[in-house]
Amino acid sequence: MNEILIIGSSNTDMVVKTDELPLPGETKLGGTFFMNAGGKGANQAVAAARLGGHVTIVTKLGNDIFGKKTLEGLEKEKINTNYVFFDENNPSGTALIIVNAMGENCIVVAPGANANLLPSDIDRVENLRNAAVILMQLEIPMETIYHVAKLARLNKQKLILNPAPAQKLNDELLKGLYLITPNESEAFDLTGIQVKDEITASAAADVFLKKGVENVVITLGREGAFFQNDRSRIKVNAPVVEPLDTTAAGDTFNGAITVAITENMDWEKAIRFSVQAASISVTRMGAQASVPYRKEIT
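In this report, the structure presented in the accompanying data block is examined. (Residues numbered from 1 in each chain as written. Predicted model: local features only at pLDDT ≥ 70, side-chain atom pairs only at ≥ 80, totals over all residues. Heavy atoms only, no water.)

**With respect to the overall build of the protein**
Moving on, step 1. Of the regular secondary structure elements, the protein holds nine helices and 13 strands.
Moving on, step 2. For 298 residues, the compact-globule formula gives about 19 Å, and the C-alpha radius of gyration of the protein, at 18 Å, lands near that figure.
Moving on, step 3. Considered along the principal axes of its C-alpha atoms, the protein spans approximately 50 × 45 × 40 Å.
Moving on, step 4. In the protein, which comprises 298 residues, the proportion classed as buried is 56%.
Moving on, step 5. In the protein, once contacts between residues fewer than 6 apart in sequence are set aside, the share between residues at least 24 apart is 67%. (Helix = DSSP H or I, 4+ residues; strand = E, 2+ residues; numbered from the N terminus. Rg over C-alpha atoms; globule rule 2.2 N^0.38 Å. Buried < 20%, exposed > 50% of the residue type's maximum accessible area, 1.4 Å probe, protein only. Contact = heavy atoms within 4.5 Å.)

What follows is the structure, encoded as structure tokens:
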């Protein structure tokens, strides 16, 4: 079985839905409050599991009510939680999210226990080398990211990096990545190229490819996604939908493309599959709550 190992953050999302995002110093009334399971690592694990993947998650939670509820939720999704660690000294991660009437959001994350997921924890993951694909994001310490990348290279494993939230990455990390999946703003932060169309997307992808990344997907929101490697370029358009909440669209895309890779889909089919999954997610409120199931993908 093609094991997917997802290493990353778990949060509890506290979401307020309101007509407009507040300006600095401004208070908005009339918002609707939701509390949902979130965190990029956990979101992507749920997406991969619902879309047909055999998933193990490596994450760290606080020993509190949020942590216990998160663990219950992951187990309910039939995700292997043998490597969910608990931090006795820090609370579980939380995210404060405001969503406007257009489905746009602004997010502030308090990482809590996520900031203490360390290389020593990774070394306790006995089946790490058995994973067909490893997926990471950047809501855990960079020293842990680099440690996983080193191990993946030694084991000749496919490593996917979703560089969110964007941070500076050294060339040693990029060299040998199987796939990197920035959105437009993350691509700009990492390459200095403003992605506006296929030409600029290709130029940004070239920067990653020259640094040793094997494959690049730049997600383009409602415009779909752009793929490039040293053999081909593919632009996939997204279906037209009415967005309600874009919070976990990128996470849904990443979970989906990880499943597609383990199923040996060709790149065009893999990206269409992932774009469709992400497009469904934006029509629903919440992070993990918005992730579709495999039977919903046509």
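**A closer look at the sheet that holds strand β10 (residues 179–180)**
Moving on, step 1. Strand order in the open sheet made by the nine strands is β5-β4-β1-β8-β9-β10-β11-β12-β13, with mixed pairing throughout. The strands lining the two open edges of the sheet, one partner per strand, are β5 (80–87) and β13 (233–236).
Moving on, step 2. Contacts between helix α7 (residues 198–210) and the sheet are confined to β10, β11 (215–219), β12 (225–228) and β13, with β12 contributing the most and set at about 45 degrees to the helix.
Moving on, step 3. The strands that helix α9 (residues 267–281) touches are β10, β11, β12 and β13; relative to β13, the one it contacts most, it runs at about 25 degrees. (Pairing = 2+ DSSP bridges. Axes fitted to C-alpha atoms, helices over the stretch in contact; angles between N-to-C directions.)

**Details of the packing of helix α8 (residues 249–262) against α9**
Moving on, step 1. Taken N-terminus to C-terminus, the directions of α8 and α9 make an angle of 150 degrees; their axes are 8 Å apart at the nearest point. Looking at the two axes, α8 sits roughly antiparallel to α9. The interaxial crossing formed by α8 with α9 has right-handed handedness. Counted together, Ala249, Thr252, Phe253, Ala256, Ile257, Ala260 and Ile261 of α8 and Trp267, Ala270, Ile271, Phe273, Ser274, Val275, Ala277, Ala278 and Ser281 of α9 form the full contact between these two elements.
Moving on, step 2. For the contact of α8 with α9, the per-class residue count stands at 13 nonpolar, three polar and no charged. (Parallel < 35°, antiparallel > 145°, perpendicular 65-115°, else oblique. Left-handed = near helix turned anticlockwise from the far one by under 90°. Nonpolar A, V, L, I, M, F, W, Y, C, P; charged D, E, K, R; others polar.)

**Some points on the packing of aromatic side chains**
Moving on, step 1. All chains considered together, the criterion is met by two aromatic pairs.
Moving on, step 2. Measuring from centroid to centroid gives 4.6 Å for Phe227 and Trp267, while their planes differ by 25 degrees, and the two rings are stacked. Taken together, the residues span a long stretch of sequence, with Phe227 in strand β12 and Trp267 in helix α9 at a distance of 40 residues. (Phe/Tyr/Trp six-rings, centres within 6.5 Å; stacked < 30°, edge-to-face > 60°.)

**Digging into the nonpolar core**
Moving on, step 1. If you look at the biggest cluster of nonpolar residues, it comprises 42 residues, and the most contacted ones within it are Val55, Ile79, Leu179, Val217, Ile257, Trp267 and Ile271.
Moving on, step 2. Broken down by element, the residue count for this core peaks at eight residues, all from α9.
Moving on, step 3. Ile7, Ala152, Ala201 and Ala205 belong to the second largest nonpolar core, which has 39 residues in total. (Core = buried A, V, L, I, M, F, W, Y, C linked by side-chain atoms within 4.5 Å.)

**Structural notes on the packing of helix α1 (residues 40–50) against α8**
Each pair of packed helices can be summarised by the angle the axes make with each other and by the distance between the axes.
Moving on, step 1. Where α1 meets α8, the closest approach of the two axes is 7 Å, and the angle between their N-to-C directions is 50 degrees. With respect to α8, the axis of α1 lies oblique. Taken as a pair, α1 and α8 cross one another with a handedness that is right-handed. Listed contacts from α8 to Lys40, Asn43, Gln44, Ala47 and Ala48 of α1 are Asp251, Thr252, Asn254, Gly255 and Val259.
Moving on, step 2. Classifying every residue of the contact of α1 with α8 gives three nonpolar, five polar and two charged.

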